[in-house]
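Notes for the structure review
One-letter residues, chain by chain:
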Amino acid sequence: DEDQHKWNTELLQRLNSGEEIRFEMRLKRTNGDLVWTETSIIAVQDLDREKVYQYVIVSREISERKKLEERLRFMAYHDSLTQLPNRSFLLKEFPDLVHTAEQQDSSIAVLYLDGDDFKSVNDDYGHDIGDEFIRHFGIAIQASVRAEDLVARIGGDEFVILITNLSKIQEERKAQITCIIDRIQLSLKEGWKIKNTSFTPTSSIGISIYPEHGSTIDELLEKADVALYEVKRSGKNQYIIFDEFEF
């Protein structure tokens, strides 16, 4: 159990010196269920012999509080409509993805994806249908990528996909990215129904590459956004990598 490390030699030394130890830990009920507790431990000494003869442990269950903390943590890093990660999650996770990429000598692609003509969905069908449309849009994207990739919604109909563990050889990497984009476009083309109305949306995608186009998520998002603007300017329902067009 991961909580067993708390019961080590250092902890006993601190207790035996008279310190009261407080921490959160999980305890197992008789039925096998694990519950979170806030636990205090203190050593009781035999005053005559000045030896510790027992340890007093007091625990109170805090499972509901831990659930609330987990819920608040989830809300801070996820979009409430789609339940996908948000921009804050990208900022938090990107350094770890970079570390892994450096260890694997691999690349990361940042896909900035924008649904084409989403405004018309809201205008024609209302915001309730628009929200459901966005939720389905996110599901379609998530289903099109690999388990190790990261999909986030960063606002409106804008999504970001981090494609990890890509080749550093340009042509190989482009083929890997294209394969995933093909799956996204196919999934969107298959579409979905909301209240008997069928939707088959398209998307425009701007792409930047780590480490060629930047070392931070902000730099890479900025350049992917520039590429996305170029896609929109040239006709939508396409994708462009940042350094593959003329400014």
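Note that the coordinates shown come from a computational prediction; the quantities given were computed from them, not determined experimentally. (Residues numbered from 1 in each chain as written. Predicted model: local features only at pLDDT ≥ 70, side-chain atom pairs only at ≥ 80, totals over all residues. Heavy atoms only, no water.)

Here's the deal with the overall build of the protein chain
Check the secondary structure of the protein chain and you find seven helices and 10 strands. For 247 residues, the compact-globule estimate of 2.2 N^0.38 gives 18 Å, and the protein chain exceeds it by more than 25% at 26 Å. Referenced to the eigenvectors of the C-alpha coordinate spread, the extents of the protein chain come out at roughly 90 × 45 × 25 Å. Taken across its 247 residues, the protein chain has 41% of its residues classed as buried. Per element, the accessible surface of the protein chain, about 14600 Å² overall, is 48% carbon and sulfur. The averaged location of the 46 negative side-chain charges in the protein chain is 4 Å from the averaged location of its 31 positive side-chain charges. (Helix = DSSP H or I, 4+ residues; strand = E, 2+ residues; numbered from the N terminus. Rg over C-alpha atoms; globule rule 2.2 N^0.38 Å. Buried < 20%, exposed > 50% of the residue type's maximum accessible area, 1.4 Å probe, protein only. Areas by Shrake-Rupley, 256 points an atom, 1.4 Å probe, with all protein chains shown as cover. Lys, Arg positive; Asp, Glu negative; His and termini not counted. Charge placed at Lys NZ, Arg CZ, Asp CG, Glu CD.)

Remarks on the nonpolar core
The biggest cluster of nonpolar side chains holds 30 residues, and the ones touching the most others in it are Phe133, Ile161 and Ile207. Of all the secondary-structure elements, those providing two or more residues to this core are strand 4 (107–115), helix 4 (118–125), helix 5 (127–144), strand 6 (158–166), helix 6 (170–190), strand 7 (192–194) and strand 9 (203–210). The dominant element in this core, judged by the number of residues it contributes, is helix 5, at six residues. Setting aside residues no more than four positions away along its own chain, Ile207 makes contact with Ala109, Val110, Leu111, Ile177, Ile181, Ala224, Ala227, Tyr239, Ile240, Ile241 and Phe242. Within the second largest apolar cluster, 19 residues are counted, among which are Phe89, Ile154, Tyr210 and Ile217. (Core = buried A, V, L, I, M, F, W, Y, C linked by side-chain atoms within 4.5 Å. Contact = heavy atoms within 4.5 Å.)

Quick look at the pattern of salt bridges
With the rule as written, the count across this model stands at 22 salt bridges. The shortest N-O distance in the salt bridge between Glu38 and Arg65 comes to 3.5 Å. Placement of the pair is Glu38 in strand 2 (residues 34–46) and Arg65 in helix 2 (residues 63–77), with a sequence separation of 27 residues. Classification of Glu38 as partly exposed rests on a relative accessible area of 30%. (Salt bridge = Lys/Arg side-chain N within 4 Å of Asp/Glu carboxyl O.)

Some points on the sheet that holds strand 10 (residues 239–241)
Across the sheet, which stays open at both edges, the five strands sit in the order 5-6-4-9-10 with mixed pairing between neighbours. Because the sheet does not close on itself, it has two edges, and the strands there are strand 5 (150–155) and strand 10. When the angles between neighbouring strand axes are averaged without regard to direction, this sheet yields 20°. With eight bridges joining them, strand 4 and strand 9 adopt antiparallel strand pairing. Paired with Ile108 across the two strands is Tyr210, which belongs to strand 9. Packing of helix 5 onto the sheet brings it into contact with strand 4, strand 5, strand 6 and strand 9, and relative to strand 6 it is tilted by some 10°. (Pairing = 2+ DSSP bridges. Axes fitted to C-alpha atoms, helices over the stretch in contact; angles between N-to-C directions.)

Details of the environment of Lys51
Locating Lys51 in the fold gives a position in strand 3 (residues 51–61). Owing to a relative accessible area of 53%, Lys51 belongs among the exposed residues under this scheme. Along the chain, Lys51 and Asn16 lie 35 residues apart, while their C-alpha atoms are 8.7 Å from each other.

Overview of helix 5
Taking 1.5 Å per residue as the helical rise, helix 5 with its 18 residues ought to reach 26 Å, and the 26 Å between its terminal C-alpha atoms agrees with that figure. Those residues of helix 5 lying buried are Ile129, Gly130, Phe133, Ile134, His136, Phe137, Gly138, Ala140, Ile141 and Ser144. (Expected span 1.5 Å × (residues − 1).)

What about the environment of Leu84?
For Leu84, the position within the fold is in the loop between helix 2 and helix 3 (87–104). Using a relative accessible area of 8% as the deciding quantity, one classes Leu84 as buried. C-alpha of Leu84 to C-alpha of Gln142: the two residues are 58 residues apart in sequence and 8.9 Å apart in space. Once residues within four sequence positions are removed from consideration, Leu84 is found in contact with Tyr77, His78, Asp79, Gly138, Gln142, Val151, Ala152, Arg153 and Phe159.

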